[in-house]
Amino acid sequence: MKFIKIHPSDNVAVALEHLEAGENAIVTLKEAVGRGHKFALKEIKAGENILKYGMPIGSAKQDIQPGEKVHTHNMKTRLSGILDYQYDKEDIAARPAPEKELFFQGFRRKDGKVGIRNHLWIVPTVGCVNRLAQNLADEVNRSLLPKGTLDRAMALTHPYGCSQLGKDHELTRLLLADFVHHPNAGAVLVVGLGCENNTAEQFKEELGDYDKERIRFLIAQDGIDEFTEGMKILKELAEVAKDDKREPIPVNELVIGLKCGGSDGLSGITANALVGTFSDRLSACGGTTILSEVPEMFGAETILMNRCATRSIFDKCVDMINGFKEYFMRYKQTIYENPSPGNKDGGISTLEDKSMGCTQKAGTAQVVDVLEMGGRVEKQGLNLLSGPGNDMVATTLLTAAGAHIVLFTTGRGTPFGGVVPTLKIASNSDLATRKGHWIDFNAGRLIEDGADQQALEEEFFQLVLKTADGEPARNEVYHYEEIAIFKDGVTL
């Protein structure tokens, strides 16, 4: 298979490999078309909609002849500013629950939550103590970890926690509290400086009720030797967590974040579609998935809105979409300044094109809730989460919301990972072959001759369960693990 017409109503097809001028692909190509790029299947008049996935992804700037490449030179976005939306609820048939209950091996915490890792996290309340936190983590991993199930120490460094105002300050405090409560951490040391805006007292108030045996505090300005004191506390925490045991956990307690980065023209056909099938299956099992990246919903947002379970959830979805547009407008930025140069090079032409591919990750299930930044999952099923498309920030927000694992689809590749397992799913086999040390699963096989789609879907589902059981993702093997906190306002 060299090309694909995704939907019967489409007037473009997508090249699945590099095609030369003169090749017969339903129509005779008038020019070379790269992998992931589009070509016209019939004449498209200037101003006429260009259809892919059965939906408009832009309009023609000029007349386009059959066999011509369709890209940024001859098509443009149809999108504009703030919109009014109507709730046209879609009737969604629930997928039947599986006959056999599925399990993974996780850690049941005292508060009833479940973790899939037993990490010792060191969380700075302020960027001033980042190096101290990292030095402590390095020393724990070098000399302290006792035998048992405690995996390793990780410092969740970031540049904030002071010189912030209003909502930025509140969000930093809230996100850090989310991480302290995350069940992938068997124990946590919170490290403060002592004079920052994010005071220990204020942060404890944000935490609310917490396990004082497994969550401890260190203030660097107190005492004489903060490093020695930190190591003393970490040794005590390690002793508490080292005997935690994995046990069978029903798969309906698994929470999975959905993310894409460095997309190409095949992402919506292979990797994102595969993740969408996974999301539907996990939802049918009673599990939870979270889709973020609001600017990459623009142009496909009504698909998600009409799948909202209730009118109130629809209203929250509208507020999320228009709120993000207002954020762009507040800074006098073009709402639709997307896709990126790498996306365009891979065959994505407009934001609608990118968004239609991005939302494939959400499958077809009903939307059960819409979360604000810093919000934590409360309902099982498909959740939407407010946040930008930025890889690091979106992954951080997904993790803070409670994701045990983030599924990260990519057509261009990245070594990046969050502080939870970040499974990288390649949209094409070339990327998976060249960057095997980045990539966990090759979804490009879905479009290869003789591909068994059901077998690949099952292989991917089992990979996620194995990761939950403790098998490391590639980002964990190479310690590509970091957080990035969203910032909007003034820095003092």
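This one's a predicted model, so the numbers in the text were calculated from it and none came from an experiment. (Residues numbered from 1 in each chain as written. Predicted model: local features only at pLDDT ≥ 70, side-chain atom pairs only at ≥ 80, totals over all residues. Heavy atoms only, no water.)

Structural notes on the environment of C317
Alright, step 1. Here C317 is to be found in helix α7 (residues 311-330).
Alright, step 2. In the structure, C317 is positioned 208 residues away from R109 in sequence and 32 Å away in space, judged by C-alpha atoms.
Alright, step 3. Not counting residues within four places of it along the chain, the set of residues in contact with C317 comprises M305, C308, V370 and L384. (Helix = DSSP H or I, 4+ residues; strand = E, 2+ residues; numbered from the N terminus. Contact = heavy atoms within 4.5 Å.)

Topic: the sheet that holds strand β14 (residues 185-192)
Alright, step 1. Overall, parallel pairing links the four strands, which are arranged β13-β12-β14-β15 in an open sheet. Of all the strands in the sheet, just β13 (153-155) and β15 (215-219) have a single pairing partner and so form its edges. Strand-to-strand twist in this sheet, taken as the mean axis angle between neighbours without regard to direction, amounts to 20°.
Alright, step 2. Two strands pair when backbone bridges link them, and strand β12 (residues 119-124) and β13 are joined in this way by three bridges, in the parallel orientation. Pairing of W121 across the sheet is with M154, part of β13.
Alright, step 3. Sheet strands touched by helix α3 (residues 200-207): β14 and β15. Its angle to β15, the strand with the most contacts, is close to 165°. (Pairing = 2+ DSSP bridges. Axes fitted to C-alpha atoms, helices over the stretch in contact; angles between N-to-C directions.)

As for the environment of K232
Alright, step 1. Along the chain, K232 falls in helix α4 (residues 226-241).
Alright, step 2. For K232, a relative accessible area of 45% puts it in the partly exposed group.
Alright, step 3. Within the structure, K232 has its side chain in polar contact with the side chain of E236 (distance 3.1 Å). (Buried < 20%, exposed > 50% of the residue type's maximum accessible area, 1.4 Å probe, protein only. Polar contact = N/O pair within 3.5 Å; in protein donor to acceptor, adjacent residues only side chain to side chain.)

Overview of the packing of helix α5 (residues 271-284) against helix α12 (residues 453-469)
Alright, step 1. Between α5 and α12, the least distance of the axes is 10 Å, while the angle of their chain directions is 65°. The angle between α5 and α12 places the two elements in the roughly perpendicular class. When you trace α5 past α12, the crossing you get is right-handed. Touching L274, V275, T277, F278, R281 and L282 of α5 are L456, E457, E458, F460, F461 and V464, all from α12.
Alright, step 2. Grouping the constituent residues of the contact of α5 with α12 by class yields eight nonpolar, one polar and three charged. (Parallel < 35°, antiparallel > 145°, perpendicular 65-115°, else oblique. Left-handed = near helix turned anticlockwise from the far one by under 90°. Nonpolar A, V, L, I, M, F, W, Y, C, P; charged D, E, K, R; others polar.)

Observations regarding a nonpolar patch on the surface
Alright, step 1. On the surface, a nonpolar cluster with roughly 300 Å² of combined accessible area is contributed by L165, V490 and L492.
Alright, step 2. Locating L165 in the fold gives a position in the loop between β13 and α2 (166-180). (Patch = residues over 30% accessible without salt bridge, like charges linked within 9 Å, V, L, I, M, F, W, Y side chains within 5 Å. Areas by Shrake-Rupley, 256 points an atom, 1.4 Å probe, with all protein chains shown as cover. Salt bridge = Lys/Arg side-chain N within 4 Å of Asp/Glu carboxyl O.)

Thoughts on the packing of aromatic side chains
Alright, step 1. This structure, assessed with the given rule, holds 17 aromatic pairs.
Alright, step 2. Taking 6.3 Å as the distance between ring centres and 70° as the angle between the ring planes, the aromatic pair formed by F203 and F217 counts as edge-to-face. Placement of F203 in helix α3 and of F217 in strand β15 is noted, with a sequence separation of 14 residues between them. The two residues F203 and F217 agree in class, both being buried.
Alright, step 3. In textbook terms, an aromatic cluster arises when at least three aromatic residues are bridged by ring pairs, as seen for F298, F324, Y327, F328, Y331, Y336 and F486.
Alright, step 4. Taking NZ or CZ as reference, R281 lies 3.8 Å from the ring centre of F461, over its face.
Alright, step 5. Taking the ring centre of W438 as reference, the NZ or CZ of K435 above it sits at 4.3 Å. (Phe/Tyr/Trp six-rings, centres within 6.5 Å; stacked < 30°, edge-to-face > 60°. Lys NZ or Arg CZ within 6 Å of the ring centre and 35° of its normal.)

As for the pairing of strand β10 (residues 103-108)
Alright, step 1. Note: β10 against strand β16 (residues 247-250), four bridges, orientation antiparallel. The residue of β16 that forms the bridge with F103 is P250.
Alright, step 2. Bridging between β10 and strand β11 (residues 114-115) involves two bridges; their strand directions are antiparallel. Following the sheet pairing, F107 is matched in β11 by G115.
Alright, step 3. Between the end of β10 and the start of β11, which pair antiparallel, lie five residues, with G112 showing a positive phi angle near 95°.

Just distances and angles here, no functional claims.
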